[in-house]
Amino acid sequence: MKVDGTPYRTIWLADDHRTVQVIDQTRLPHVFEIKSLTSLNDATVAIRDMLVRGAPLIGATGAYGMALAMTEGSSDSCVAIAYDALFETRPTASNLGWALNDLRKLLLGLAPGDRLCAAYARAAEICEDDVSTCHSIGQHGADLIGALWEQKGKPDQLNILTHCNAGWLAAVDWGTALSAIYVAVERGIPIHVWADETRPRNQGSSLTAWELGKQGVQHTVITDNAGGHLMQHGLVDMCIVGTDRTTASGDVCNKVGTYLKALAAHDNNVPFYVALPHSTIDWEAQDGLRDIPIETRSCEEVTHISGKVREGETVSVQLTPDGTEALNIAFDITPACYVTGFITERGVCDASADGLLDLYPERAL
Ligand code: MRU
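Residues numbered from 1 in each chain as written. Predicted model: local features only at pLDDT ≥ 70, side-chain atom pairs only at ≥ 80, totals over all residues. Heavy atoms only, no water.

Colleague: Which parts of the structure should I look at to understand the site of the ligand?
Modeller: The environment of the ligand is formed by 18 residues, the closest being Ala55, Arg90, Gln203, Asn254 and Lys255. Separating an oxygen atom of the ligand from a side-chain N or O atom of Asp244 is a distance of 2.9 Å. Asn254 is positioned with one of its side-chain polar atoms (N or O) 2.7 Å from an oxygen atom of the ligand. Considered on its own, the ligand offers 410 Å² of accessible surface; in the complex 100% of this is hidden by protein. Its residues assigned to classes, the shell around the ligand shows 7 nonpolar, 7 polar and 4 charged. In this structure, the shell around the ligand is formed jointly by two domains, domain 1 (2–128) and domain 2 (136–364), each of which donates at least three residues. (Near = heavy atom within 4 Å. Polar contact = N/O pair within 3.5 Å; in protein donor to acceptor, adjacent residues only side chain to side chain. Areas by Shrake-Rupley, 256 points an atom, 1.4 Å probe, with all protein chains shown as cover. Nonpolar A, V, L, I, M, F, W, Y, C, P; charged D, E, K, R; others polar. Domains from an automatic or database assignment.)

And the structure:
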């Protein structure tokens, strides 16, 4: 995607072919800053402190983290230490474990002297695969959006609600939920996006609004609690969100607040779609409430908020009274019964075990 005319991805290699570069998402929307990652520690900090975030991008950064670790040592124990350090950064997104397992299996099958180059090559492949996967999700999602637009008589504006940020900033490029919107807009469908602000870290008001603005997509930021009201008044035609981990039975784990949007959509007959790549499906997990680890983060993300002051500087301010307790649950589970369908790189399916197996029959074996 382009930022002020220049094409960017969220993660790439510098000219030395070793340094990993990322957009520091903690500085957006007010400052566009590129950070260099040169060690395993840099990669773990980037994921844990959310310089990079979003399930597919966490996976891609994990893969490059393994490659960076190989610059520091390539013995079996170096592979194990890197795996453990990266794995524990963020527990919920399936893509991280998926990428780390892939790298570990590859590296342990090679002689230590061959591991460095192989790790960089595989991390690059994972990134390329993510770009084409997300673009395919966009095409299938845009087909769905186009069909809904026609079914509604081609209104001047089709209103789509999304939660958190499932755009190109959450992946290597394109994104998942927003990829469908980007492709649909390219096809001439007049979309307006309702972007949930997504407290406490405000990925909607800071990241989704920033990237939609840069791509020229019409949008309005709303408070997290406004979606139900808009749906009751016929102002939402469709919801599309991303996911961090989806079970083999179709339960969806995504940014906290997604579940309440799905309930409101169900009550108001608004189609509720989840866009996801294959790497987000946890084929071992069956019951979302039982089998998915839910990340809890620092309570300071709830008690404080950061933003730009008049002088242009970004500052953090305290919202709550001194000493107030806060709980910061980062994700929730939307049971499959509230999901209209999945938009994947292989097409659209029911949110059910059968739906997923129709698209991924190799998993039935
Ligand atoms: O905590 P974050 O910002 O990493 O959470 C991101 C989300 O919840 C996204 O919706 C999800 O990763 C899907 S991204 C394509």
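Colleague: Please explain the nonpolar core as it appears in this structure.
Modeller: A general trend in soluble globular proteins is that nonpolar side chains are found buried together. Counting 75 residues, the largest nonpolar core has Ile11, Met66, Ile145 and Ile240 as its most contacted members. The element best represented in this core is helix α5 (residues 115–151), accounting for 13 residues. Looking at this core, you find at least three residues from each of domain 1 (2–128) and domain 2 (136–364). Setting aside chain neighbours within four positions, we find Ile240 in contact with Ile145, Ile160, Leu161, Thr162, His163, Ala177, Ala180, Tyr273, Ala275 and Ile343. (Core = buried A, V, L, I, M, F, W, Y, C linked by side-chain atoms within 4.5 Å. Buried < 20%, exposed > 50% of the residue type's maximum accessible area, 1.4 Å probe, protein only. Helix = DSSP H or I, 4+ residues; strand = E, 2+ residues; numbered from the N terminus. Contact = heavy atoms within 4.5 Å.)

Colleague: Please clarify how the sheet that holds strand β12 (residues 272–275) should be interpreted in this entry.
Modeller: Note on sheets: strands pair through backbone hydrogen bonds, and any given pair is parallel or antiparallel. Taken in spatial order, the 7 strands of this open sheet run β8-β7-β6-β9-β12-β17-β18, and their pairing is mixed. Of all the strands in the sheet, the pair left with one neighbour each is β8 (218–222) and β18 (347–349). With strand direction ignored, the average angle separating the axes of adjacent strands in the sheet is 25°. The pairing of strand β9 (residues 238–241) with β12 spans 3 bridges and is classified as parallel. Pairing of Ile240 across the sheet is with Tyr273, part of β12. (Pairing = 2+ DSSP bridges. Axes fitted to C-alpha atoms, helices over the stretch in contact; angles between N-to-C directions.)

Colleague: Is there a simple way to think about the packing of aromatic side chains in this case?
Modeller: The geometry of two aromatic rings is summed up by the distance between their centres and the angle between their planes. Tallying each qualifying case throughout the model produces 7 aromatic pairs. Taken together, a centroid distance of 6.0 Å and an interplanar angle of 15° make the contact between Phe32 and Trp210 stacked. Taken together, the positions of Phe32 in the loop between β4 (20–23) and β5 (34–37) and Trp210 in helix α7 (residues 203–214) put the pair 178 residues apart, joining distant regions of the chain. In textbook terms, an aromatic cluster arises when at least three aromatic residues are bridged by ring pairs, as seen for Tyr8, Trp12, Phe32, Trp168 and Trp210. Over the ring of Tyr120 we find Arg18; its NZ or CZ atom is 4.5 Å from the centre of that ring. We note Lys255 situated over the ring of Phe331; from NZ or CZ to the ring centre the distance is 4.1 Å. (Phe/Tyr/Trp six-rings, centres within 6.5 Å; stacked < 30°, edge-to-face > 60°. Lys NZ or Arg CZ within 6 Å of the ring centre and 35° of its normal.)

Colleague: How should I be thinking about the side chain of Ser94 in this particular structure?
Modeller: Residue position: Ser94 is located in helix α4 (residues 94–108). In this structure Ser94 comes out as buried when scored by relative accessible area, which is 8%. The residues contacting Ser94, other than those within four sequence positions of it, are Asp244, Arg245, Ser279, Thr280, Ile281 and Asp282.

Colleague: In this structure, what is going on with the sheet that holds strand β3 (residues 11–13)? I would like to understand it.
Modeller: Here 3 strands make up an open sheet; going across it, the order is β3-β4-β5 and the pairing antiparallel. Unpaired on one side and paired on the other, β3 and β5 mark the two borders of the sheet. Neighbour-to-neighbour, the strand axes of this sheet turn through a mean angle of 30°, independent of strand direction. As defined by bridge partners, β4 adjoins β5 across 4 bridges and the pair is classed as antiparallel. Bridge pairing links Ile23 to Ile34 in β5. Each of β3, β4 and β5 touches helix α2 (residues 55–70); the most contacted strand, β3, lies at about 25° to it.

Colleague: Looking at this structure, I do not really get the pattern of salt bridges. What am I missing?
Modeller: As a working rule, side chains carrying opposite charge can pair if their charged atoms are close by. A full pass over the atoms with the stated rule returns 19 salt bridges. In this structure, Glu295 engages Arg90 in a salt bridge whose closest nitrogen and oxygen atoms are separated by 2.8 Å. You can see Glu295 sitting in the loop between α10 (288–291) and α11 (300–303) and its partner Arg90 sitting in the loop between α3 (76–87) and α4, a full 205 residues away along the chain. For the pair Glu295 and Arg90, a shared accessibility class is recorded, and that class is buried. Where Asp196 meets Lys261, a salt bridge forms, and the shortest distance between an N and an O atom there is 2.8 Å. Note that Asp196 is positioned in strand β7 (residues 191–196) and Lys261 in helix α9 (residues 258–267), a separation of 65 residues in sequence. (Salt bridge = Lys/Arg side-chain N within 4 Å of Asp/Glu carboxyl O.)

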